[in-house]
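# Geometric and topological summary
For reference, the chains in residue letters:
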Amino acid sequence: MMGAKSPRANGPDIRLVKRDLRRKFRRIRSDMDPQDKAAWDERITANLLRSPRWRRARRVLLFVSKPIEVDTHTLIETALRQGKQVLLPRCLDDCGHMAFFAVQSWEDLTPGLYGLLEPDPERCPKVERFHPGDFCLVPGFAFDGKGYRLGFGKGYYDRFLSRFPGVTAGACYHCCTTRALPHGRYDRPVDYLFTERYVRRLAAPDAPLPKRKER
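Residues numbered from 1 in each chain as written. Predicted model: local features only at pLDDT ≥ 70, side-chain atom pairs only at ≥ 80, totals over all residues. Heavy atoms only, no water.

Our focus in this paragraph is the sheet that holds strand β9 (residues 149–150). Strands in a sheet are paired, the pairing made by backbone hydrogen bonds, and the direction either parallel or antiparallel. Pairing in this open sheet of three strands is mixed, and the strands run β9-β8-β11 from one edge to the other. Both outer strands of the open sheet, β9 and β11 (177–178), are each paired with one neighbouring strand and no more. Note that strand β8 (residues 142–144) and β11 share two bridges and pair parallel. Directly across from Asp144, in β11, lies its bridge partner Thr178. (Pairing = 2+ DSSP bridges. Helix = DSSP H or I, 4+ residues; strand = E, 2+ residues; numbered from the N terminus.)

So this is what it looks like as structure tokens:
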């Protein structure tokens, strides 16, 4: 008697598909002209700062960008100047657990688990309760037309977003957006997508997106 079919027999292994997509979008980002990237970072930042959701938020959850990501340094500095409470993530282990801490300056940061700048838990208060008005900027290699993202493969934000009640947004270069990305049943799409070309309020995950007029 033949054994039961593997779940992968009905289609490609989503993990391998995501791995190949990460390689593709990492290459796209690594090959960007530095002047183009700087100009796009500036436009994306301006779009975020003009957003009513950003302006209304008293508390913003951001992250310290890596060189291949949309630069977040200006966002962090502007949020602090605007008197918003700025929360940044710290990886607690290598199993997908992270926590957010309130920071007041760059001096509150220290190299974390992966060598990235993260809040120093000895200086920064940990925040465990979140509210519907909180604004969370979510990192990702790529985003699709429904707001699903291609993360970095560690699962930190997937775990966190499953219980986050606030507004979520992706910041992404237009060349790293795509029509559709593979996603799991429990993946949560972002509510807004900011690129250097447009700001898009995303529909429900299974609803068709309204057509966008080209300028």
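So much for the structure itself; the text now carries on.
Using the criterion set out here, one finds 11 aromatic pairs in the structure. Through pairs of rings, three or more aromatic residues link up here, namely Phe100, Phe130, Tyr157, Phe160 and Phe164. It is Arg200 that lies over the ring of Tyr198; its NZ or CZ is 4.7 Å from the centre. (Phe/Tyr/Trp six-rings, centres within 6.5 Å; stacked < 30°, edge-to-face > 60°. Lys NZ or Arg CZ within 6 Å of the ring centre and 35° of its normal.)

Moving on, we get to the environment of Cys136. Counting through the fold element by element, Cys136 comes out in strand β7 (residues 135–138). Classification of Cys136 by relative accessible area gives buried; the value is 0%. Each C-alpha atom of the pair Cys136 and Gly166 lies 7.2 Å from the other, and the pair is 30 residues apart in sequence. Each residue touching Cys136, except ones within four places of it in the same chain, is listed here: Leu61, Tyr157, Phe160, Leu161, Phe164, Val167, Thr168 and Ala169. (Buried < 20%, exposed > 50% of the residue type's maximum accessible area, 1.4 Å probe, protein only. Contact = heavy atoms within 4.5 Å.)

What follows covers the state of the cysteines. All chains considered together, the criterion is met by zero disulfides. Cysteine Cys175 shares no disulfide, and the gap to the nearest cysteine sulfur, in Cys176, comes to 4.1 Å. (Disulfide = S-S within 2.5 Å.)

Turning our attention to the confidence of the model for the protein chain. Taken over all residues, the pLDDT of the protein chain has a mean of 88, while the share at 70 or more is 89%. Contacts from residues 1–9, a stretch scored under 50 in pLDDT, to residues over four places away or in other chains number two contacts. For residues 204–215, every residue scores under 50 in pLDDT, and the model assigns this stretch 13 contacts once sequence neighbours within four places are set aside. (pLDDT = per-residue confidence, 0-100.)

Across the sheet, eight strands lie side by side as β6-β3-β2-β1-β7-β10-β12-β13; this open sheet has mixed pairing. Of all the strands in the sheet, the pair left with one neighbour each is β6 (126–127) and β13 (199–201). Relative to strand β12 (residues 192–194), strand β10 (residues 167–171) runs parallel, the two being bridged by three bridges. Within β12, the residue paired with Ala169 across the bridge is Tyr192. Set on the sheet, helix α2 (residues 34–50) makes contact with β7, β10, β12 and β13; between it and β12 the angle comes to about 145°. Across the sheet, helix α4 (residues 73–81) is in contact with β1 (59–61), β2 (85–91), β3 (98–103) and β7; its angle to β2 comes to roughly 140°. (Axes fitted to C-alpha atoms, helices over the stretch in contact; angles between N-to-C directions.)

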